[in-house]
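What follows is each chain in one-letter form.
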Amino acid sequence: MELEDFFALVHPAIAVIVVFPLIGIVTNRAWLVRQRRLQVIDGEKSKIPPVVGSEHVAIGNWLSISVVGVALLGMAYPIFSRFLKNNVFSTDSLRAFFVVAIFIATIASFTFLFKAKVKLGRNIFAALTSIGLIVLGAQPEVFRRDNEWFFSHYYYGIAAAILMIISVAITQDIYKDKQNRWRNIHIILNCFALLLFIGQGMTGARDLLSIPYSWQKEYLRPCDSKTRTCPKSTAFYVPINLEPIYSNL
């Protein structure tokens, strides 16, 4: 495996090792929190410990960090690998440094989102982080499957990341809202996010099958994905004349 292939696997590896286990833990804690709330409302003595609420919030924050981080990594690899390959820092330095600035601003905004205490501040940093992800994803180096956006790993990932950002931004509002409007919004948005994560698993596995090793790219590049055909080539076929062998048998 070449170094280029190793860096290409960092994004899916972190998703498998970190993100998806966290999704399972957060989903479990969310279910326990809801069960406990319903039992308390009904006047029952719940056997579920109160600590599941704080665990759900803490692990949910880690999930949000992981999802946004993986999204940034997934876009950073194709962008900067092609920047270096095409020498964009010299030929189009303005755009190159603009992209670097957007990366830094997005990470900074997401960091400040966790530290903001005022609602307006949380909303601003959430919006800036989301805009940063969208701007980075709009770069031509990022593979988006625009013609198949309804089954695109990129669009599922960006949507899931933005939903995680919104979840972080409205956490304090959930505790302050006595009518549970924000809690219901949180539940609906994260149920949709769970469906997106399932789609991420499917589309991510599909895209890994279509990404060749670096040494295979020159042979697979002429292939047409629409017609599912590749030009005939003798690169991997060496004809062997077996007639002399059979004649001696």
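In this text, all values refer to a predicted model and were calculated from it rather than measured experimentally.

Q: Please set out the overall build of the protein residue by residue, giving values where relevant.
A: A tally of helices and strands in the protein yields ten helices and zero strands. Its helices and strands taken in sequence order, the protein reads α-α-α-α-α-α-α-α-α-α from the N to the C terminus. A compact globule built from 249 residues should have a C-alpha radius of gyration of about 18 Å, whereas the protein, at 24 Å, is more than 25% larger. Dimensions of the protein, computed from C-alpha atoms along their principal axes, come out at roughly 90 × 55 × 30 Å. A buried classification covers 33% of the 249 residues belonging to the protein. Sequence separation of at least 24 residues holds for 66% of the intrachain contacts in the protein that already meet a minimum separation of 6. Entry remark: accessible area of the protein is about 16300 Å², with carbon and sulfur atoms responsible for 67%.

Q: Mind laying out the pattern of salt bridges, listing which residues take part and the relevant values?
A: Here the idea is simple: oppositely charged side chains can pair when their charged atoms come close. One pass over the structure, following the stated rule, counts nine salt bridges. For the salt bridge of Glu55 with Arg29, the shortest nitrogen-to-oxygen distance reads 2.8 Å. Of this pair, Glu55 sits in helix α2 (residues 51–85) while Arg29 sits in helix α1 (residues 3–41), placing them 26 residues apart in sequence. Overall, the relative accessible area of 28% leaves Glu55 in the partly exposed class. Where salt bridges share partners, they join Arg145, Glu148, Arg206 and Asp207 into one cluster.

Q: Tell me what's going on with the layout of surface pockets, and back it up with residues and numbers.
A: Each pocket or cavity is described by its volume, and for the second largest pocket that value is around 800 Å³. For the second largest pocket, the lining is made up of 29 residues, of which Ala30, His56, His186, Ile187 and Asn190 are closest to its centre. When residues of the lining of the second largest pocket are traced back to their parent elements, those giving at least two are α1, α2, α6 (153–169), α7 (171–176) and α8 (181–210). Of the residues assigned to the lining of the second largest pocket, the class counts are 16 nonpolar, ten polar and three charged.

Q: I'd love a proper account of the packing of aromatic side chains, names of residues and values included.
A: Inspection of the entire model under this criterion finds ten aromatic pairs. Taken together, a centroid distance of 5.7 Å and an interplanar angle of 65° make the contact between Phe6 and Phe7 edge-to-face. Taking relative accessible area as the criterion, Phe6 reaches 45% and is therefore assigned partly exposed. Ring centres 6.3 Å apart and planes at 85° place the aromatic pair Phe151 and Tyr156 in the edge-to-face group. Given the relative accessible area of 16%, Tyr156 is considered buried. By the ring-pair criterion, three or more aromatic residues cluster together here, those being Phe80, Phe83, Phe89, Phe97 and Phe103.

Analysis parameters
- Residues numbered from 1 in each chain as written.
- Predicted model: local features only at pLDDT ≥ 70, side-chain atom pairs only at ≥ 80, totals over all residues.
- Heavy atoms only, no water.
- Helix = DSSP H or I, 4+ residues; strand = E, 2+ residues; numbered from the N terminus.
- Rg over C-alpha atoms; globule rule 2.2 N^0.38 Å.
- Buried < 20%, exposed > 50% of the residue type's maximum accessible area, 1.4 Å probe, protein only.
- Contact = heavy atoms within 4.5 Å.
- Areas by Shrake-Rupley, 256 points an atom, 1.4 Å probe, with all protein chains shown as cover.
- Salt bridge = Lys/Arg side-chain N within 4 Å of Asp/Glu carboxyl O.
- 1 Å grid on protein atoms, 1.4 Å probe; cavity = no way out; pocket = protein on both sides within 12 Å on 5 of 7 lines; lining within 4 Å.
- Points joined across faces, edges and corners; volume = space filled by probe spheres on them.
- Nonpolar A, V, L, I, M, F, W, Y, C, P; charged D, E, K, R; others polar.
- Phe/Tyr/Trp six-rings, centres within 6.5 Å; stacked < 30°, edge-to-face > 60°.

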